[in-house]
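# Close look at the chain arrangement
Residue-level listing of the chains:
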Amino acid sequence: PPVRAPAGFAGPALLAPLAGHCVKGGDSRYGYNVCLFANATQTVHGIPRMTHILGLWGAWERPQSAWRRDGGNRMRFTDGSACIGGTPREMVLELRCRGAAGAASGGGSGDEGGLDMALGDVEEHNCRYGVSLELPLSCEELAADEFVGEDVDPAAPPAPDPFSAAAADADGASGEDGSAKSDLERLRGGVEALRVDVAAGLSGPELLGKLDALLQAEA
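Scoring rules and cut-offs
Residues numbered from 1 in each chain as written. Predicted model: local features only at pLDDT ≥ 70, side-chain atom pairs only at ≥ 80, totals over all residues. Heavy atoms only, no water. Helix = DSSP H or I, 4+ residues; strand = E, 2+ residues; numbered from the N terminus. Buried < 20%, exposed > 50% of the residue type's maximum accessible area, 1.4 Å probe, protein only. Salt bridge = Lys/Arg side-chain N within 4 Å of Asp/Glu carboxyl O. Phe/Tyr/Trp six-rings, centres within 6.5 Å; stacked < 30°, edge-to-face > 60°. Core = buried A, V, L, I, M, F, W, Y, C linked by side-chain atoms within 4.5 Å. Contact = heavy atoms within 4.5 Å. Disulfide = S-S within 2.5 Å. pLDDT = per-residue confidence, 0-100.

### Notes on the overall build of the protein chain
- Counting its regular elements, the protein chain contains 4 helices and 11 strands.
- Here the protein chain holds 219 residues, and 36% of them are scored as buried.

### A look at the pattern of salt bridges
- Overall, the coordinates contain 4 salt bridges when judged by the stated rule.
- With a closest N to O distance of 2.9 Å, Arg74 and Glu94 form a salt bridge. Of the two residues, Arg74 sits in strand 6 (residues 73-78) while Glu94 sits in strand 7 (residues 90-98), which places them 20 residues apart along the sequence.
- Among the residues examined, Arg74 registers a relative accessible area of 14% and is labelled buried.
- It is possible to trace a salt-bridge network through shared partners that takes in Arg74, Glu94 and Arg96.

### What to know about the packing of aromatic side chains
- Per the counting criterion, the structure on display carries 6 aromatic pairs.
- Between Tyr30 and Tyr32, the ring centres sit 6.3 Å apart and the planes meet at 55°, which makes this aromatic pair tilted.
- For Tyr32, a relative accessible area of 8% puts it in the buried group.
- A connected cluster of aromatic rings, assembled from ring pairs, spans Phe9, Phe37, Trp57, Trp60 and Phe77.

### Side note on the nonpolar core
- Judged by nonpolar contacts, the single largest core of 29 residues is most densely connected at Leu15, Trp60, Met75, Leu93 and Leu133.
- Of all the elements in the fold, those that place two or more residues in this core are strand 3 (30-35), strand 5 (51-60), strand 6, strand 7, strand 10 (128-138) and helix 1 (139-144).
- When residues of this core are assigned to their parent elements, the largest contribution, 5 residues, is made by strand 10.
- Not counting the four nearest positions on each side in its chain, Leu15 is found in contact with Phe9, Phe37, Trp60, Leu95, Leu135, Leu137 and Leu142.

### Looking at the state of the cysteines
- This structure, assessed with the given rule, holds 3 disulfides.
- The disulfide partner of Cys83 is Cys127, and the S-S distance across this bridge is 2.0 Å. Taking the torsion about the S-S bond as the criterion, the Cys83 to Cys127 disulfide, at about -70°, is left-handed. Of this pair, Cys83 sits in the loop between strand 6 and strand 7 while Cys127 sits in the loop between strand 9 (123-125) and strand 10, placing them 44 residues apart in sequence. Grouping residues by exposure puts Cys83 and Cys127 together as buried.
- Disulfide pairing is shown between Cys97 and Cys139; the S-S distance is 2.1 Å. Where Cys97 bonds to Cys139 through sulfur, the torsion about that S-S bond is close to 115°, and the disulfide is right-handed. Of this pair, Cys97 sits in strand 7 while Cys139 sits in helix 1; the two residues are 42 residues apart in sequence, bridging distant segments of the chain.

### Brief notes about the confidence of the model for the protein chain
- Per-residue confidence for the protein chain gives a mean pLDDT of 73; residues scoring 70 or more make up 58%.
- Note on residues 100-109: pLDDT is under 50 here. Beyond four places in sequence and across chains, it has 19 contacts.
- Counting interchain partners and residues more than four positions distant, the pLDDT-below-50 stretch residues 181-185 has 2 contacts.

As structure tokens, this is what we get:
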């Protein structure tokens, strides 16, 4: 079950009618359902009731005063279902808008309400998901519109970027993630050494002794 309720609506007033509106997308393995200002979920095709919460609506990545007028402004969905190692899943939803008022917009295949919106391909790195959503709205109109609700703190540190594989790799190479990967590599090396010993005909007691030493080293 969700660990908290989604945050209240916050954003340009033009987006208020879209609160709770859901857009679907996916590929051959997963289906995705993103409900604006509510939540994002992932369903595994072929496995009944296998659904993960990718995040609950939390806040914008940057304050409206720093919004890009060419689009690319991002919504953060946090506190999702536990991933590997108990890490909560997170999603960043990047809003892509029309370059100018009245410009044509593509997509719309996954929009349940016929509002001409479509999800892009989903990127995933270390249980952090990134997906784009094309809006039938002008970028300039959104940036200039009245902001309703609580704006984000401009001094808050930026969130990790799930759209960037380099950022995800850097995150995995430091802190607890990096330590866990290092431990896993050592364990794999020990297992491979045991396989070589088995192929060489090492006796049962000797193999057990080496396995016990390996387990002690990883404890």
